[in-house]
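# Chains, contacts and geometry: an overview
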Amino acid sequence: MLLMLLCVIAGCGLSIQTVINSRLRSYVGSPFFASMVSFLVGTFSLILVTFLTGNPFFIDVDIFLNTPWWLWMGGLFGVIALTTNILLFPHLGGVQTVIMPIFGQIIMGILIDSFGWFNAPLISFSWNRGVGLILVLMGIILAVTMSKARYYPEPQSKSEPNMIWLWRLLGIFAGMLGAMQTAVNGQLGRILHSPLQAALVSFIGGALALLIFVGVKEGRFHRIFETTQKHMPWWLWLGGLLGAAFVFMGVVLMPIVGTGTTVILALLGMISGSLLVDQYGILGAPRKPVYGIQILGLIILFLGVALIRLW
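The rules behind each value
Residues numbered from 1 in each chain as written. Predicted model: local features only at pLDDT ≥ 70, side-chain atom pairs only at ≥ 80, totals over all residues. Heavy atoms only, no water. Helix = DSSP H or I, 4+ residues; strand = E, 2+ residues; numbered from the N terminus. Buried < 20%, exposed > 50% of the residue type's maximum accessible area, 1.4 Å probe, protein only. Contact = heavy atoms within 4.5 Å. Areas by Shrake-Rupley, 256 points an atom, 1.4 Å probe, with all protein chains shown as cover. Polar contact = N/O pair within 3.5 Å; in protein donor to acceptor, adjacent residues only side chain to side chain. pLDDT = per-residue confidence, 0-100. Expected span 1.5 Å × (residues − 1).

### Examining the overall build of the protein chain
Within the protein chain, the regular secondary structure consists of eleven helices and zero strands. When the elements of the protein chain are put in sequence order from the N terminus, they spell out α-α-α-α-α-α-α-α-α-α-α. Relative to its 311 residues, the protein chain shows a buried fraction of 51%. Partitioning the intrachain contacts of the protein chain with sequence separation of at least 6 by distance along the chain shows that 82% fall at a separation of at least 24. Total accessible area on the protein chain stands at roughly 15100 Å², and carbon and sulfur atoms take up 72% of it.

### As for the side chain of S38
With respect to the secondary-structure elements, S38 resides in helix α2 (residues 31–53). Accessibility expressed as a relative area gives 6% for S38, which makes it buried. Among the polar contacts listed, one links the side chain of S38 to the backbone nitrogen of G240, at a separation of 3.4 Å. The residues contacting S38, other than those within four sequence positions of it, are Q17, N21, F203, G239 and G240.

### Things to note about the confidence of the model for the protein chain
Segments scoring low in pLDDT should not have their predicted coordinates read at a detailed level. Per-residue confidence for the protein chain gives a mean pLDDT of 81, with 86% of residues at or over 70. Counting interchain partners and residues more than four positions distant, the pLDDT-below-50 stretch residues 149–156 has 16 contacts.

### With respect to unusual backbone geometry
Its identity is not glycine, yet N119 carries a phi of approximately 60 degrees, on the positive side. Tracing the chain through its elements places N119 in the loop between α4 (74–115) and α5 (127–151). According to the relative accessible area criterion, N119 is exposed, its value standing at 51%. Backbone geometry places H193, a non-glycine residue, at a positive phi of 60 degrees. If you trace the backbone, H193 turns up in the loop between α6 (161–192) and α7 (195–218).

### Things to note about helix α9 (residues 239–257)
Its 19 residues place the ends of α9 27 Å apart at the C-alpha level, agreeing with the 27 Å of an ideal helix rising 1.5 Å per residue. Considered for burial, the residues of α9 that qualify are G239, G240, G243, A244, V247, M249, G250, V251, V252, L253, M254 and V257.

Now the structure itself:
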């Protein structure tokens with residue numbers, strides 16, 4: 001129960017990371033640079049924790065040779081999902097850019113549990129999980145869609161009507177990659193016997209992917225050095241720490257409760273954190289009142305999680 005609570009708290013921290021990275025983007029001028037800085041900070045923080053706790057840095061060569069290739073793709077899955085979300089907004093608008101990946105995460109999490117994909121623990125799809133899933137989706141619609149629709153009107157999309165569904169499917173696919181990242185990292189942590197080492201591998205993979213992408217796209221990394229010379233608030237460097245904590249908790253919890261439950265617990269934390277950010281304007285975010293229907297959605301979401309996990 002304590003681990004489940006910590007997963008919710010880590011999800012809450014991820015919503016704060018979104019605020020931090022949004023502010024960081026205003027300093028570095030690019031969402032890709034902001035993501036890269038966040039990944040690099042998370043990587044170095046995990047390296048430091050690994051050193052302080054005496055965990056091994058290096059992985060046995062035999063493990064590389066005798067494990068499936070997808071086991072090392074968690075970081076890449078996370079980067080692709082993050083980049084895809086950035087590309088969706090001009091075509092889908094704020095509401096659908098949030099909902100489609102969340103829907104993909106939940107569906108893929110349930111599929112991984114039901115069929116044991118990525119060597120995940122097999123959890124059969126019972127009636128209580130089905131009802132709980134319906135409640136979770138209802139709670140998300142009330143807690144997320146109502147707030148996003150209220151403050152983020154849909155932009156006029158330049159996509160043709162028959163292309164909209166392709167962008168929606170891409171959003172669902174991005175969410176599926178997020179759930180796959182959770183499953184892969186959890187399995188890697190089990191094989192390495194170290195959740196911390198698995199989280200570090202994931203962050204190194206993601207950071208390398210972003211370094212290559214930014215290097216190809218921009219041709220140079222001067223903005224990183226320019227960023228260190230700007231008078232930024234100190235907390236703008238904490239986004240990577242929150243992301244690292246989130247990945248670490250996912251690695252710890254997935255083998256215990258399954259991918260689907262881990263994803264839903266994280267989403268519960270993310271939505272709760274987003275509502276707190278809106279209500280109190282945390283870290284300079286615009287204050288937006290939280291309405292009763294959003295609180296009701298959060299309660300329904302919590303009941304759905306309880307039904308899936310406890311009965």
